[in-house]
Amino acid sequence: MKSFKIVDIKMQHENNYIILDLMDGIIINKEAGKDSWIVEVAISEDFKDILQDFLNTEVTLLIRITRTSNQPALFEGKFLEMNSITKGISLLFVGDIIQQDPNYAENLLEKLMNENYEGDALLNEFKARMDSKEDIKTSD
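None of these values were measured; they are calculated from a predicted model.

A few words now on the pairing of strand 3 (residues 22-29). Residues in a regular strand project their side chains so that they alternate between the two faces of the sheet. Sheet topology places strand 1 (residues 2-13) next to strand 3; four bridges connect them, and they run antiparallel. Among the inter-strand pairings, lysine 2 is bridged to a residue of strand 3, identified as asparagine 29. Alignment of strand 3 against strand 4 (residues 37-43), held across seven bridges, turns out to be antiparallel. Bridge pairing in strand 4 links isoleucine 27 to valine 39.

Look at threonine 66: it is not a glycine, yet its phi comes out positive at around 70°. Within the secondary structure, threonine 66 sits in the loop between strand 5 (58-65) and strand 6 (73-85). Residue classification places threonine 66 among the partly exposed residues on the basis of a relative accessible area of 42%. Notably, asparagine 116 is not glycine yet its phi reads approximately 70°, a positive angle. Position of asparagine 116 relative to the elements: it lies in the loop between helix 2 (104-114) and helix 3 (119-132).

A general feature of soluble globular proteins is that nonpolar side chains tend to end up buried together. In this structure, Val39, Leu51, Phe79, Leu91 and Phe93 are the most contacted members of the largest nonpolar core, which totals 23 residues. Setting aside residues no more than four positions away along its own chain, leucine 91 makes contact with Leu20, Val39, Glu40, Val41, Ile43, Leu51, Phe79, Glu81 and Met82. Membership of the second largest hydrophobic core comes to five residues, among which are Tyr104, Leu108, Leu122 and Met130.

Bringing the pairing of strand 7 (residues 88-98) into the picture now. Of all the eleven residues making up strand 7, ten are buried; the element is thus mostly covered by neighbouring parts of the structure. Here strand 4 runs beside strand 7; their pairing, made up of seven bridges, is antiparallel. Paired with glutamate 40 across the bridge in strand 7 is leucine 92. Here strand 6 pairs with strand 7 via eleven bridges, running antiparallel. Bridge assignment links glutamate 81 to a residue of strand 7, and that residue is leucine 92. Where strand 6 folds back on strand 7, the antiparallel hairpin that results is connected by two residues.

A few words now on the pattern of salt bridges. Considering all chains together, one arrives at three salt bridges under this definition. Lysine 2 is paired through a salt bridge with glutamate 31; the nearest N and O atoms lie 3.7 Å apart. Here glutamate 31 lies in the loop between strand 3 and strand 4 and lysine 2 lies in strand 1, a separation of 29 residues in the sequence. You can call lysine 2 partly exposed: its relative accessible area is 47%.

Before going further, it helps to examine the side chain of serine 44. Tracing the sequence through the fold places serine 44 in the loop between strand 4 and helix 1 (48-52). Beyond its immediate stretch of four places on either side in the chain, serine 44 contacts Asp21, Met23, Gly88 and Ile89.

The rules behind these values
- Throughout this description, residue numbers start from 1 for each chain and increase along the sequence as written.
- In keeping with the model being predicted, local features are shown solely for residues with a pLDDT of at least 70 and side-chain atom pairs are shown and tallied solely at 80 or more, while totals for entire chains, interfaces and linings include all residues.
- Side-chain numbers here rest on the full set of heavy atoms in the structure, without hydrogens or water.
- Pairing between strands is defined by DSSP: at least two bridges between them are needed.
- A helix here means a DSSP run of H or I that spans at least four residues, while a strand means a run of E at least two residues long, and both kinds are numbered starting from the N terminus.
- To sort residues, take the accessible area from a 1.4 Å probe on protein chains only and compare it with the maximum for the residue type: under 20% means buried, over 50% means exposed, and anything in between is partly exposed.
- Only buried Ala, Val, Leu, Ile, Met, Phe, Trp, Tyr and Cys residues count toward a nonpolar core, and they belong to the same one when joined by side-chain atoms within 4.5 Å.
- Note on definitions: a residue-residue contact is assigned when non-hydrogen atoms from the two residues lie within 4.5 Å.
- Here, a salt bridge means any side-chain nitrogen of Lys or Arg that lies within 4 Å of a carboxyl oxygen of Asp or Glu.

Take a look at the structure:
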C-alpha cells in the first residue's frame, strides 16, 4: 500500500465544486483492482448539513496530494461515512483515480479554440478547465 497526504480537496456538485475546508487528509492506494483508493479527510463541521445529501452516493473529487503546486487528481467513488470528531467531521470515500488522456491539454486547447476563445479569455478559460479536469467529449 502507498499513502499520500492530501493538501486540497473539492467535491463536484453539478457544474461547480464545493471547496472543502480541509484540516487534514490522507489518500491510500490499496493496489488491488477496482475501488483501490481510500480517501479520509477531516474538515470543518460547517459542511455537515451540505454533505449529508451526498452520503452513500457516487461522487467526484479533485484531490491535490503532497504539494498545492501539484495538478489535482480526479477521483470517482462512493461517499461511505461522515463522523463527528473532536474538531470537525471525518469523511470516508472509496473509489478510483481516473486517468486522463495523455493529450488532455492539447484536446482542451483545441476545444476552447473551437468555442472561439481568444487571447486572455482563452488563457483564463484554459487554466480554469485544466484545474477542474473537465471531461472532454471527443468525436471518435
